[in-house]
Every structure is written in structure tokens, then in C-alpha cells.
Amino acid sequence: MSTTSSTDLTARYGDAMMRTFGTPQAVLDRGDGAYVWDVEGKKYLDFLGGIAVNALGHAHPALVEAITRQASAFLHVSNYFATEAQVNLAETLLRLTGAGDTGRVFFANSGTEAIEAAFKLSRLNQGRTRVVAMNNSFHGRSMGALALTGKPALREPFEPLVPGVIHIDTTIEALEAVIDDTIAAIVIEPIKGEAGVIELPDGFLKRARELTTEHGVLLILDEIQTGAGRTGSWFAYQQHGIEPDAVVLAKGLGGGVPIGALITFGDTSELFHPGQHGTTFGGNPLATAAANAVLAEIESADLVGNARRRGEQLKTAILGLGSPLVAEVRGAGLLIGIGLTEPVAARVVAAALTLGLIINAPNETSIRIAPPLIIGDDEIAEFITSFARALEASA
Ligand SMILES: Cc1ncc(COP(=O)(O)O)c(C=O)c1O
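Residues numbered from 1 in each chain as written. Predicted model: local features only at pLDDT ≥ 70, side-chain atom pairs only at ≥ 80, totals over all residues. Heavy atoms only, no water.

A closer look at the environment of Arg155
Tracing the backbone shows Arg155 in helix H7 (residues 152-155). Looking at Arg155, the relative accessible area reads 16%, which means it is buried. If near-sequence neighbours (up to four positions away) are discounted, Arg155 is found in contact with Leu146, Ala147, Leu148, Thr149, Leu161 and His167. (Helix = DSSP H or I, 4+ residues; strand = E, 2+ residues; numbered from the N terminus. Buried < 20%, exposed > 50% of the residue type's maximum accessible area, 1.4 Å probe, protein only. Contact = heavy atoms within 4.5 Å.)

Shown next as C-alpha cells:
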């Protein structure tokens, strides 16, 4: 336990940290599995998982061992050199995504940076400069990623952003109206996490694949939140029976170590040429060794299957509460959105925190949970008990 109190640290945070985030909900000290403890020793069940990042939970021995081993060899070399960790990770991602022998991987340090790489890549598609993105989408905060993000409130203070982006409603009709031979790429989240865990309409991705193929448009999927096993398949598009031209990953891939990746399929892999894109840290030995350990553990412990099964179990249990506050349960695997009948999501999150449960409210009528993929019956039972009490306290 820390010797400094939450109150002291929160005050120091308020004085020292840039005002980009709100007041912290707690000051955390350590974690183990699906649990974290604050500096006063209070234990919390972490059903947010660092916003869909901590795929293996906290302090997982396989991840700790891989990071420690890599740190004692070296942490970083420049991209003038290759390392085994980096090549192994690229090959594993090509296998798991299905991009295979004609695929290529670019490593970045975050989701935003990986999206930025995908956005730049789209400029190389036949000289086209128009890109389609969805209303209410989230792709990151850099000037390019923000240009793709379909949330006016986030965009407007920073305009003018990168030009050429057209936002459409997420409907097949809007898709059919906009895709033509002038479009370079379309960027889609298979499930809109930041919007409150909103799934695509039936047939949307299939139709997007047909139209993009017909018109030479790159189909870029933002799987930053949905990828690496979270939705009960390695990648969410695998549940839609399509393959994209590019997929963007981050979050769960490193299990908490910052890493992003852009993976291209087929001819799209030929677009970038030497010198056209780069990064100092992207794909360094530390980040790629961590991601290798995360993917190996997800694969050997069948955490993709666990995400699928536990997701169904959770959805049934949440609906089984019969709470008048719960309108619907959305999402796939362990990315779950709970739609509320009243705009009290912030109150539910605060009540849950008091009870020792960490969840999140992407907006006033949605609760999001994205627990570690390792959760089992005990964590689910504890979540349901605390969540039911948080709902009661917020009605
Ligand atoms: C779908 C999606 N895209 C992009 C991002 C940006 O990723 P990062 O915060 O790692 O830059 C996020 C982060 O929440 C996301 O959920």
C-alpha cells in the first residue's frame, strides 16, 4: 500500500496534470487479475480493463515474464534493425487476421497513430483524396484521426482538420449513395465502442465489401477496440464473413504496453514505399515482446472462446436482473454496452465505484464493460451483485 493518500495525490494531479481529463475517480496502486487496489487499499473489480486494453488482466505472469526477459536483453533498437520479437509478432498477426503471405504489418505506438498510418495509406490509392467515415465514430485525437472521427463536439474546436472526409450515417442506403470511383477509402468500426457499444446494421459490412471492391475503394476496419479476441473472435470482421483491405489494432494487443498496428491485405500491402512512413518507437522489442506474450496466452488459454462464452453469460445475467433501468444489452464477446431507460449512466458508474466495481459511461444512457478476457464465474457473480446494487442506488 502507498504511504500517500488519495486526497493528496488527487490534489497534486489537479495542480500538475494538463486539464485534458476530468478529476480521477480513484488513485490506483496495483492490480492482480481482474482486480485493482487504490492507495488506501480498497479493492475494485475492474470491468473496464483500462478501456478494453488489459486483455490478460493485471500482472499476468506470462506478460510480466516476457517484459522482464526483454528488458534484460534490450528495450529498444531503431527501425534500422530487425528483431525477432518484431518479426514473430508480424507473422502471428498475418496468420490470425488471414492476411497471410501477401499481407504486411506496420507497427505504431497507439491506436491514433495506427489510424494515421491507415489514413496516409489511403492517399496512395490511385491519387484519390476523399475518405468516408461514419457519424458518431471514434478514431482518435490527432488532426488526421480526428478528421475521421464522427463526433462534431470533439472536432469543432480544432477545425480546420485534414480535408476530404465525408461522414455518413451507418446505413446501407447511405453507403450505397456515397461509394463511387472518387473515394480512396472507407473507415469503419465493426462495433462503435466510444458511441456506447453500437453494432453495425445487418449486412452492412458485406455490402461495404461489395461496393469497395467494385469501385477500387480501400475498406479499412478500425478494430482498435474490438480486435485481439475481445468480441469472441480474433477480429470482429471474422463474424461478418468478409476480409478488409486493412485492419487497425491497438489497445488489447499489448495487454497494457502501448502498441498499435496497421495490417494490410493483398495489393494494399504494395502501397507504402520506403521512406513514406515511419516511427521511432513503433514495433520496438519491448512492445512487440509484450504483444507476442499476450497473443500466445490468448491462443493457448482459448481466451477468444472464453470472451465469447463469458460475454453470453454476462448478457443473460444482466438482462436476468429485470431492472427497469436496463433497456437493452448490446455488443459481442466481452465488449458489452448496457442501454439505460434513463440518462443516469454517470450515477450508475459512481455508485458502482463506491461498491468496488469499475465500469464506464460513454454517454448518459450507456454503460460499457470491457473486462479482461480471463474472467470466470466468480468475477461474473461479483459483477452482477454489485451492478444490481448500483442500478438500485441510481433509480
Ligand atoms: C475505435 C477506436 N479507434 C481509435 C482509438 C484511439 O486509440 P488510442 O487512444 O490508442 O490513440 C480508440 C480509443 O479509444 C478507439 O476506441
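Looking at the side chain of Asn306
For Asn306, the location among the structural elements is in helix H11 (residues 303-320). There is a polar contact of 2.7 Å between the side chain of Asn306 and the backbone oxygen of Leu373. Setting aside residues no more than four positions away along its own chain, Asn306 makes contact with Gly311, Leu373, Ile374 and Ile375. (Polar contact = N/O pair within 3.5 Å; in protein donor to acceptor, adjacent residues only side chain to side chain.)

With respect to the sheet that holds strand E15 (residues 357-358)
Taken in spatial order, the 4 strands line up as E1-E2-E3-E15 in an open sheet, and their pairing is mixed. Looking at the sheet topology across the chains shown, the edges are occupied by strand E1 (28-32) and E15. Across 4 bridges, the pairing between E1 and strand E2 (residues 35-38) is antiparallel. Bridged to Gly31 within E2 is Val36. (Pairing = 2+ DSSP bridges.)

What about the packing of H11 against helix H13 (residues 377-394)?
H13 packs onto H11 with a crossing angle of 25° between their chain directions and a minimal axis gap of 11 Å. Considering their axes alone, H11 and H13 lie roughly parallel with respect to each other. Read as a crossing pair, H11 and H13 show a hand that is right-handed. Contact residues: H11 offers Arg310, Gln313, Leu314, Ala317 and Ile318, while H13 offers Asp377, Ile380, Phe383, Ile384 and Phe387. By residue class, the composition of the contact of H11 with H13 is 7 nonpolar, 1 polar and 2 charged. (Axes fitted to C-alpha atoms, helices over the stretch in contact; angles between N-to-C directions. Parallel < 35°, antiparallel > 145°, perpendicular 65-115°, else oblique. Left-handed = near helix turned anticlockwise from the far one by under 90°. Nonpolar A, V, L, I, M, F, W, Y, C, P; charged D, E, K, R; others polar.)

Some points on the side chain of Glu223
Following the sequence through the fold, Glu223 ends up in the loop between strand E10 (218-222) and strand E11 (246-249). Here Glu223 is buried and forms no salt bridge, its nearest opposite-charge partner Arg230 lying at an N-O distance of 10 Å. In contact with Glu223, other than residues within four places in its own chain, are Pro190, Phe235, Ala236, Tyr237, Val247, Val248 and Leu249. (Lys, Arg positive; Asp, Glu negative; His and termini not counted. Salt bridge = Lys/Arg side-chain N within 4 Å of Asp/Glu carboxyl O.)

Observations concerning H11
The end-to-end C-alpha distance of H11 is 25 Å, a good match for the 26 Å that 18 residues give at a rise of 1.5 Å each. Of all the residues in H11, the buried ones are Leu303, Val304, Gly305, Asn306, Ala307, Arg310, Gly311, Leu314, Lys315 and Ile318. Elements that come into contact with the buried residues of H11 comprise helix H10 (285-300), strand E13 (326-332), strand E14 (335-340), strand E17 (366-369) and H13. At the C-terminal side of H11, Gly322 shows a positive phi close to 60°. (Expected span 1.5 Å × (residues − 1).)

Quick word on the packing of helix H12 (residues 345-354) against H13
Interaxial distance between H12 and H13 falls to 8 Å at its minimum, and their mutual angle equals 130°. The angle between the axes of H12 and H13 places the two elements in the oblique class. Between H12 and H13 the crossing geometry is right-handed. Of the residues in H13, those touching H12 at Arg347, Val348, Ala351 and Ala352 are Phe387, Ala390, Leu391, Ala393 and Ser394. Taken together, the residues that form the contact of H12 with H13 break down as 7 nonpolar, 1 polar and 1 charged.

Description of the site of the ligand
Near the ligand you find Ser110, Gly111, Thr112, Phe138, His139, Gly140, Glu189, Glu194, Asp222, Ile224, Gln225 and Lys251, and these make up its full shell. The contact in question runs from a nitrogen atom of the ligand to an N or O atom on the backbone of Phe138, over 3.3 Å. At 2.7 Å, a side-chain N or O of Gln225 approaches an oxygen atom of the ligand. Protein burial of the ligand: of its 390 Å² of free accessible surface, 82% is covered by the chains. (Near = heavy atom within 4 Å. Areas by Shrake-Rupley, 256 points an atom, 1.4 Å probe, with all protein chains shown as cover.)

Remarks on the pattern of salt bridges
Tallied over the entire structure, the rule returns 10 salt bridges. A salt bridge links Arg69 to Glu65, with the shortest nitrogen-to-oxygen separation between them at 3.1 Å. Of the two residues, Arg69 and Glu65 both sit in helix H3 (residues 61-73), 4 residues apart, roughly one turn of that helix. Taking the relative accessible area as the measure of exposure, Glu65 reaches 42% and is therefore partly exposed. A salt bridge links Glu159 to Arg155, with the shortest nitrogen-to-oxygen separation between them at 3.7 Å. Residue Glu159 is classed as partly exposed on the basis of its relative accessible area, which comes to 43%.

Looking at unusual backbone geometry
The amide bond that connects Glu159 to the next residue, Pro160, takes the cis arrangement and shows omega of 5°. Look at Asn136: it is not a glycine, yet its phi comes out positive at around 70°. Along the chain, Asn136 turns up in the loop between strand E5 (130-134) and helix H6 (143-148). The exposure class of Asn136 is partly exposed, given its relative accessible area of 36%. Backbone geometry places Val197, a non-glycine residue, at a positive phi of 65°. For Val197, the position within the fold is in the loop between strand E8 (191-192) and strand E9 (198-199).

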